Protein chains: 2
Amino acid sequence: MAKDLGVTSREENYADWYNEVVKRADLADNSVVRGCMVIKPHGYAIWEHMRDALDRMFKETGHVNAYFPLLIPKSFLSKEAEHVEGFAKECAIVTHHRLMNDPNGKGVIVDPEAKLEEELIIRPTSETIIWHSYKNWIQSYRDLPLLINQWANVMRWELRPRLFLRTAEFLWQEGHTAHATYEEAEQETLTILEIYKRFAEEWMCVPVIDGIKSDGEKFAGADHTYTIEAMTQDFRAIQAGTSHHLGQNFAKAFDVTFQSAEGKREYVYATSWGVSTRLIGTMIMAHSDDQGLVCPPKLAPIQIVIVPIGRGDDRAAVMDATDKIAADLKATSWAGLPIRVKVDDREKESPGFKYNYWEMRGVCLRIEIGPRDLAEGKVVVASRLGGDKKEVQLDHIISTIATELDLFQSSLYQRALALREANTHRVDTWEEFQAAFAQEGGGGGFILAHWDGTQETEDAISAATKATIRCIPLIPLDPSDNEPGVCVYSGKPSQKRVIFAKAY
Amino acid sequence: MAKDLGVTSREENYADWYNEVVKRADLADNSVVRGCMVIKPHGYAIWEHMRDALDRMFKETGHVNAYFPLLIPKSFLSKEAEHVEGFAKECAIVTHHRLMNDPNGKGVIVDPEAKLEEELIIRPTSETIIWHSYKNWIQSYRDLPLLINQWANVMRWELRPRLFLRTAEFLWQEGHTAHATYEEAEQETLTILEIYKRFAEEWMCVPVIDGIKSDGEKFAGADHTYTIEAMTQDFRAIQAGTSHHLGQNFAKAFDVTFQSAEGKREYVYATSWGVSTRLIGTMIMAHSDDQGLVCPPKLAPIQIVIVPIGRGDDRAAVMDATDKIAADLKATSWAGLPIRVKVDDREKESPGFKYNYWEMRGVCLRIEIGPRDLAEGKVVVASRLGGDKKEVQLDHIISTIATELDLFQSSLYQRALALREANTHRVDTWEEFQAAFAQEGGGGGFILAHWDGTQETEDAISAATKATIRCIPLIPLDPSDNEPGVCVYSGKPSQKRVIFAKAY
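About the criteria used
- Residues numbered from 1 in each chain as written.
- Chains lettered and ligands numbered in written order.
- Predicted model: local features only at pLDDT ≥ 70, side-chain atom pairs only at ≥ 80, totals over all residues.
- Helix = DSSP H or I, 4+ residues; strand = E, 2+ residues; numbered from the N terminus.
- Rg over C-alpha atoms; globule rule 2.2 N^0.38 Å.
- Buried ≥ 20, exposed ≤ 12 C-beta atoms within 10 Å, placed from the backbone.
- Contact = placed C-beta atoms within 7 Å.
- Least-squares fit on C-alpha atoms with pLDDT ≥ 70 in both.
- Pairing = 2+ DSSP bridges.
- Domains from an automatic or database assignment.
- Nonpolar A, V, L, I, M, F, W, Y, C, P; charged D, E, K, R; others polar.
- Core = buried A, V, L, I, M, F, W, Y, C linked by C-beta atoms within 7 Å.
- Arc of directions from axis to C-beta.
- Expected span 1.5 Å × (residues − 1).
- Axes fitted to C-alpha atoms, helices over the stretch in contact; angles between N-to-C directions.
- Left-handed = near helix turned anticlockwise from the far one by under 90°.
- pLDDT = per-residue confidence, 0-100.

Considerations on the overall build of chain A
- Secondary structure assignment for chain A yields 14 helices and 28 strands.
- In terms of overall dimensions, chain A is globule-like: its C-alpha atoms have a radius of gyration of 26 Å, near the 23 Å expected for 504 residues.
- With the principal axes as the frame, chain A shows a C-alpha extent of 80 × 70 × 55 Å.
- In chain A, which comprises 504 residues, the share counted as buried stands at 50%.
- Considering only intrachain contacts with a sequence separation of at least 6, the fraction spanning at least 24 residues in chain A is 69%.

Quick notes on the relation of the copies chain B and chain A
- Taken as rigid bodies, chain B and chain A are interconverted by a rotation of 180° and an axial shift of 0.0 Å, the fit giving an RMSD of 0.0 Å. The symmetry that links the two subunits is that of a two-fold axis. Closest approach to the rotation axis within chain B is made by the C-alpha atom of V94 of chain B, at a distance of 2.1 Å.
- Interface overlap between copies: 100% of the residues of chain B at the interface are likewise at the interface in chain A, consistent with a symmetric, same-surface contact.

Brief notes about the sheet that holds strand β15 (residues 269–276) of chain B
Residue and element names in this part refer to chain B.
- Judged by pairing direction, the sheet is mixed, and its eleven strands sit side by side in the order β3-β8-β9-β15-β12-β11-β10-β25-β28-β24-β23 without closing on themselves. Only two strands of the sheet have a single neighbouring strand rather than two, namely β3 (64–65) and β23 (424–426).
- By the bridge criterion, eight bridges tie strand β11 (residues 224–231) to strand β12 (residues 237–247) in an arrangement that is antiparallel. Residue pairing for β12: T225 is matched across the bridge by H244.

Some details on the domain arrangement of chain A
- When cut into domains, chain A gives domain 1 (14–287), domain 2 (304–408) and domain 3 (424–501).
- Between domain 1 of chain A and domain 2 of chain A, the C-alpha centre-to-centre distance is 40 Å.

Details of the interface of chain B and chain A
- Chain B puts 50 residues into the contact, and the matching count from chain A is 50 residues.
- For the side of chain B that touches chain A, the element with the highest residue contribution is strand β5 (residues 90–101) of chain B, accounting for eleven residues.
- Among the residues making up the side of chain B that touches chain A, the classes are represented as 30 nonpolar, eleven polar and nine charged.
- Judged from the five bridges that link them, strand β5 (residues 90–101) of chain A and β5 of chain B form a sheet pairing that is antiparallel. Residue pairing across strands places E90 of chain A opposite R98 of chain B, the latter belonging to β5 of chain B.

What about the sheet that holds strand β10 (residues 209–212) of chain A?
Residues and elements named next belong to chain A.
- In space, the eleven strands of this open sheet follow the order β3-β8-β9-β15-β12-β11-β10-β25-β28-β24-β23, with mixed pairing throughout. The open sheet has two edge strands, β3 (64–65) and β23 (424–426), and neither has a second partner.
- Sheet analysis places β10 next to strand β25 (residues 468–473), joined by two bridges and oriented antiparallel. Its bridge partner being in β25, I212 is matched across the sheet by I472.

Regarding the nonpolar core
- In terms of nonpolar packing, the biggest core is built from 307 residues, with I304 and I447 of chain A together with I304 and I447 of chain B touching the most fellow members.
- With near-sequence residues (within four places) excluded, I447 of chain B lies in contact with H425, V427, F433, A436, A467, F500 and A501 of chain B.

Some remarks on helix α14 (residues 455–465) of chain A
Residues and elements named next belong to chain A.
- Every buried residue of α14 is listed here: E458, I461 and T465. Projected onto a plane normal to the axis of α14, the buried residues spread over an arc of 70° and lie on a single side. Exposed positions of α14 whose direction lies more than 90 degrees from the buried face are Q455, E456, D459 and A463.
- Buried-residue contacts for α14 involve α13 (430–436) and β25.

Side note on the pairing of β10 of chain A
Residue and element names in this part refer to chain A.
- Along β10, one buried face is formed by I209 and G211 and the opposite face, lined by D210 and I212, is buried too.
- Summarising the sheet, β10 and strand β11 (residues 224–231) pair through four bridges and their orientation is antiparallel. The residue of β11 that forms the bridge with D210 is I228.

Re helix α6 (residues 182–203) of chain A
Residues and elements named next belong to chain A.
- With 22 residues, α6 extends 31 Å from end C-alpha to end C-alpha; this agrees with the ideal 32 Å at 1.5 Å per step.
- All of the buried residues in α6 are A185, E188, T189, T191, I192, L193, I195, Y196, K197, F199, A200 and W203.
- Just past α6, the residue C205 takes up positive phi, approximately 60°.

Structural notes on the environment of R162 of chain A
- Tracing the chain through its elements places R162 of chain A in the loop between β8 (146–155) and β9 (169–179).
- In the structure, R162 of chain A is positioned 146 residues away from P308 of chain A in sequence and 38 Å away in space, judged by C-alpha atoms.

Focus: unusual backbone geometry
- Of note, the amide linkage connecting L144 of chain A to P145 of chain A takes the cis form, showing an omega dihedral of -5°.
- With respect to the helices and strands, the residue P145 of chain A is situated in the loop between α5 (127–137) and β8.
- Of note in the backbone geometry, D26 of chain A takes a positive phi value of approximately 65° without being a glycine.
- Residue position: D26 of chain A is located in the loop between α1 (14–24) and β1 (28–30).
- The phi dihedral of K466 of chain B is positive, around 65°, even though this residue is not glycine.
- With respect to the secondary-structure elements, K466 of chain B resides in the loop between α14 (455–465) and β25 (468–473).
- Residue class for K466 of chain B comes out partly exposed when judged on the 13 C-beta atoms lying within 10 Å of it.

Structural notes on the packing of helix α2 (residues 41–60) of chain B against helix α6 (residues 182–203) of chain B
Residues and elements named next belong to chain B.
- Direction vectors running N to C along α2 and α6 enclose 145°, while the axes themselves pass 11 Å from each other. Crossing of α2 against α6: the hand is right-handed. Together, A53, L54 and M57 of α2 and I195, F199 and W203 of α6 make up the contact between the two elements.
- Among the residues making up the contact of α2 with α6, the classes are represented as six nonpolar, no polar and no charged.

Structural notes on the confidence of the model for chain A
- Confidence in the prediction of chain A, expressed as mean pLDDT, is 95, and 99% of residues score 70 or more.
- Scored by ipTM, the complex comes to 0.96, with pTM at 0.96.

Topic: the environment of G491 of chain B
- Along the chain, G491 of chain B turns up in the loop between β26 (485–486) and β27 (493–494).
- In the structure, G491 of chain B is positioned 191 residues away from A300 of chain B in sequence and 48 Å away in space, judged by C-alpha atoms.

Here we look at the pairing of strand β28 (residues 497–501) of chain A
Residues and elements named next belong to chain A.
- By the criterion of burial, β28 is predominantly enclosed, with five of the five residues buried.
- Residues of β28 alternate between two faces, with R497, I499 and A501 on one and V498 and F500 on the opposite face, all of them buried.
- In terms of strand pairing, strand β24 (residues 446–450) meets β28 through four bridges, oriented antiparallel. Looking at β28, one finds that H450 is bridged to R497.

Re the environment of S260 of chain B
Residue and element names in this part refer to chain B.
- As for its position among the elements, S260 is in the loop between β13 (257–259) and β14 (265–267).
- Note on S260: 14 C-beta atoms within 10 Å, which makes it partly exposed.
- Note: C-alpha distance between S260 and G370 (110 residues apart in sequence) is 72 Å.
- Those residues in contact with S260 that lie beyond four places of it in its chain are Y141, A180 and E266.

Listed below in structure tokens is the structure:
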């Protein structure tokens, strides 16, 4: 497909490339408010498709949605000791509730009389405010399990924000469930992890490794944390979703007990889990290229663009064919939804301009309709994944498009999987380990190495190489990964290999 | 249907009745944060159905969704002079961005070092932050129209909050569009008003009067405001949605111009429009009764509850029939979606308890399946709208349910319409006018009266009676309403009757 001229290449500067793709594909922009982004319609449409697919999966597994307050009393945050210690204290704090006209000039000032008795925090996550409610909702084992999810905005005052990957405000879903037993909460945590993995792989075309976090990387206040980890094109890890078993920690902090079937009063077990607009950043990092956004068909705002070619006398026949194909495609269902089609009939722009324009914006397939081809009963189909253009008979265009979308979805996954496999290595010596992460700027892929299981070693490795333990895989990538060995750093015994990488 | 014993009647105390319905139907609850509510799963499900239906209508008319920041720099609010003057100054103000451990004890305090240079306001509405973005997005007439909607939370520090009707934080959609001409913006404003009216009447079963606001009641910063107004069962008006023509006010405040097709630089015309979780309150006020929630089938979280009756030997046969009917109903589409069915097979609760329980929660139809009826090949269907129970042959149950849902939807609308018509009156003397609004507590219905068109008279009438001008109807309720007359208060000439009511 045609070259786009204006974007920094990945090789040249990966960070600049990422930012330019986000902006030039019209996905999002920085806002005047530090660290906050504006999600533009083209980017928000991706989020809507993500939300709808995930929401369906949550509901199929018995979850319902609810909505809890944006603001949390300051004192709530310190009720669970590890939670307040481990959680970033950078947050947005509401201290007043009224403005007044500036007596000394134009505009408005904060009314000093309107100071709140207790400051309120814009939720960085909602465990505390939700468990405060659950205390009233849960009395008996008959009230359990409580399987609630919330779609909401949250805020963490990020010092080094990056569009989608790390912004002060972001959109997410946060599940908060309550259970009678540890085992049931564990099952819930794993059910959600499986949904996240399936969503990443089957919708986003991003292969992920599901595993458990080391204690040093788990959620503040959790018993343990599961994660899915993806690889970027600069060979770093990106945490795409987490599912936490919270034990009885929050139930104890907020005094939430239930009467068991045997009549005993017991603390409730909890889980929480979330994915966010960071998934959009993950998807860009995994698939996009130097021509702009590459988007899996299941999540693409526009799957097909039709570019009619021809002026003057040819125009009418070309536009008739264009309109008919567009209408037929829109009436066709693919992956459970009508195919999303855009006709680019701008008269002032050249076909070449349009090709670049829609490549930049991640449209999966392009149909070119010109008078000469049309006279022969055919059109040209080009894929955003590259390769030759195909001539397709008009009679077969609808079935061909459906097949091409299937192929696009599976090829994109395979391409990302191949990248990950080519950049996953087993390392047994500290020299090799250091060498793997020596490159400035980029990552070093996923390194499977033995670790002695201590926080001390984890910290020392991270200090020396900037690589951290991304997870201990639930299922070994290779059976030999679960054979005992010696720690790559300390030489002490190790039960299995874990995954190290530099992370976003 | 069975009587519920625990709810205050509407006649006894309408405000208490409303609050009890909201809480006992499990829709929402007050939260620990003053003025903020927790929307519980049963209430949130109504909002999801509302959102999905409205979102579809917005998209069918060419709108797309986006997301803008939660926080607005304080200085933005005063850029449009009328906006800051007219808008409530009660809002949540963020002044700091970091907590720290309390050096004098446990817990956390605000870090005094982390004071923001400029305070940020949690959006009470987003015109200012959005028009700041539009400045970068709009250069040429080719960038217009811009038809953008946002689903978001907003916050206004309400002094007298009421669940759903008036809460500090609420959920809403806010459309913000940009146009090349005044006329096009006017058309947009009316297109949206028509969507709101259609949604209120066809989904919510709430008849509304669409009209224009007097200058005293228009949105702060608008050229003019359109509204839809509904009637409650205590004969007050409730504003259910508004659509504002903003003229060039915000374009001028944020310097947003475009180059016209003729090459001239001109200010952009704007509209904004919104409906919120207040619609849930409106629906309760219009339909619910002393047994609890009454919900239109198109928006009901659960449309059908099946109560199997029978113990011991009968249980298996009854449960088989229950499961089959439930599965058949779930596989049936009504109003474009699968029918939403709940089976209440709790063994410890009596049928009577279950009837009350689901009546309180607004389930539209109940199917009772008992062994004796079943032996005769039939079941019993009861409607939440009252009336006799019907015996229905098993063979016909699916088609009967679909018909009953249709009937429920239309009957509910007709009932609300009859209430409004019985409480809409034309009044021509000041004595009659005062008498109409003399009742303490309740409203006085909709009073169509002549008004001289001045703010002065509007204020005087409001001061004397607490009734305000709800709107000047777009289409007269009766042709005679548009005949000239004399103002009910001042005796000065008037072109037409307008609607007065006490409002929520």
